[in-house]
Amino acid sequence: MARAAGAARAGQAVVGPDLLRDEVAAVLASGGAVQALFAAAAGDGLEARYVCATPAGDLVLRCPAPRGEVPTIIDLAPHLAWDEREARDLFGLRFAGHEPHRPLVHHPGDLAAWATPVLGDDVHQVAVGPVHAGVIESGHFRFHTVGERIVHLDIQLFHKHRGLERVAEGGSAEEALATVGRACAACSVATGIAIAHAVEAARGLWPDDDLRRSRTLLAELERLYNHLHDIGAICAGVGLAPGAMAFAALKERAQRAIADLAGHRFMFGAVAAGAGAVAADRAAAGRARGALRELAPDVAAAWRSLLFDASLRDRARGAGALPADEARRLGTVGPAARATGVATDARERSPRLRYAGLRPAVPPGAEGDVAARMEARALELTDTLAMLDELLDGPVAPGHALPSAPPSAHGVGRAESPRGETVCAVELDGGAVRRVHLRTASFANWPAVARACRGAILPDFPLVNKSFELCYACVDR
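The following paragraphs examine the structure supplied in this document. Owing to the predicted nature of the structure, the values given are computational and were not obtained by experimental measurement.

### Structural notes on the environment of S188
As for its placement among the helices and strands, S188 is situated in helix 5 (residues 188–203). S188 sits in the buried class, given a relative accessible area of 7%. With 78 residues separating them along the chain, S188 and F266 place their C-alpha atoms 7.1 Å apart. Not counting residues up to four positions away in its chain, the partners in contact with S188 are G181, E222, F266, M267 and F268.

### A look at the sheet that holds strand 3 (residues 45–54)
Strand order in the open sheet made by the four strands is 1-4-3-2, with mixed pairing throughout. This sheet does not close on itself; its edge strands, each paired only once, are strand 1 (11–14) and strand 2 (33–42). Along the sheet, successive strands turn relative to each other by an average axial angle of 20°, direction set aside. Where strand 2 and strand 3 come together, nine bridges link them in antiparallel fashion. Opposite V34, over in strand 3, you have C52 as the bridge partner. Of the strands in this sheet, strand 2, strand 3 and strand 4 (57–65) touch helix 1 (residues 17–29), which is tilted by about 160° from strand 4. Where helix 2 (residues 81–91) meets the sheet, its contacts fall on strand 2 and strand 3, and the angle it forms with strand 2 comes to roughly 10°.

### Some remarks on the packing of helix 12 (residues 370–391) against helix 14 (residues 461–468)
Closest axis-to-axis distance for the helix 12/helix 14 pair is 9 Å, and the angle between their directions is 25°. Classified by the angle their axes make, helix 12 and helix 14 are roughly parallel. With respect to the hand of their crossing, helix 12 and helix 14 are arranged in left-handed fashion. On the side of helix 12, the interface is formed by V370, R373 and R377, while helix 14 contributes L463, V464, S467 and F468. Split by residue class, the contact of helix 12 with helix 14 holds four nonpolar, one polar and two charged.

### A word on helix 7 (residues 241–262)
Taking 1.5 Å as the rise per residue, helix 7 with 22 residues should run 32 Å; its terminal C-alpha atoms sit 31 Å apart, in good agreement. Among the residues making up helix 7, those that are buried are G243, A244, F247, L250, K251, A254, Q255, A257, I258, L261 and A262. Down the axis of helix 7, the buried side of the element spans an arc of 160°, and every buried residue falls inside it. With respect to the buried face of helix 7, the exposed residues turned more than 90 degrees away are P242, M245 and R256. Those residues of helix 7 that are buried lie in contact with helix 6 (209–237) and helix 8 (282–307).

What counts and what doesn't
- Residues numbered from 1 in each chain as written.
- Predicted model: local features only at pLDDT ≥ 70, side-chain atom pairs only at ≥ 80, totals over all residues.
- Heavy atoms only, no water.
- Helix = DSSP H or I, 4+ residues; strand = E, 2+ residues; numbered from the N terminus.
- Buried < 20%, exposed > 50% of the residue type's maximum accessible area, 1.4 Å probe, protein only.
- Contact = heavy atoms within 4.5 Å.
- Pairing = 2+ DSSP bridges.
- Axes fitted to C-alpha atoms, helices over the stretch in contact; angles between N-to-C directions.
- Parallel < 35°, antiparallel > 145°, perpendicular 65-115°, else oblique.
- Left-handed = near helix turned anticlockwise from the far one by under 90°.
- Nonpolar A, V, L, I, M, F, W, Y, C, P; charged D, E, K, R; others polar.
- Expected span 1.5 Å × (residues − 1).
- Arc of directions from axis to C-beta.

Laid out in structure tokens, this is it:
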């Protein structure tokens, strides 16, 4: 039987089912975290794989499941409940002790198989979706309410699961990045960087300074237009048309500058494995810098106008509050976590990018409500615009990833997307991809949406949902 690897070990290690929980507990006790869980084929059977961030570095634990079963760890790491449910639905891997097992990707016809039972004369259900009035992805929300008060929310996504990870298997790493990296448009850079970092880690490559700079530039440009969009979406959620239109116009200006610099409004194709894919001479960088310098005071003025809008303030304060302890338990990431006072930001731990000295932007008070989630983004916009001004001070060279360590079959990559930390794990077999797994910030944060809605009134759900502004598409990957 395989022995436990030890929490301080980095790389990849095999641990037997009988020692798995001890190993996970040791990782957590060392100050590390288990960030993702997924299933993979191994010989004639299955393995459960656990992506861990430890003080010694990245660790991929491989737990063989000779009888198709491994112990659950959701009592140790509750945020991995969706991961276990997904692995069972997609691979048939069972997790002993995870009861009741409710399907996640599969959509059974029996409501009782996936939704929470409702008892009592005063409790009823309100079903919304999966078809919606707007042009959005499919998502089914089943509210359990007493009157207008939400007591519980069941979320059913995965209506358009595309199997991008399976499509990528057997192809080259570059093809995997192109396929899985298109999981969604709004996070194409962050997703691409996470995949590229995972591939480069497996190949023993390290980005030079030019590549770190160019990728950081692209990531902050993506954060800029997303945060502008998300603040406008919150304004739309309360019916504040002037705020929604102002921030939509600011987003448009940002994306025009991005298209001029990177060749695409959503920066498709801007990230490659092993090298940079975007270059800008001094004139092009100067034009982008000038456009963003003109944008910055208008962003500040638009935000100030929101601060003095009593209607917005009254609707946003206290709505959809997520307690800090629940944010930690659910593994909430990004601005949604920082809005609760949980000061976590993957950019602090990104040596493959250029974020030296960055500190998480935590709003004063950090009440975890709609107002705090909006303010967290506004604080980050100020930091992002300052970083972009520095990063665009001169021509942008694409850069390269250079050999720095012996290659390995496994690699892990991370990036802080506008919605939070995205994690990617790859397994390479020579030049081909045997397995790639992407866990996006939206996947991490959807359970937090359900928790934040508890206690809210039903008409506030669109506002609470928009304050997270998560992606359906990169869950339905």
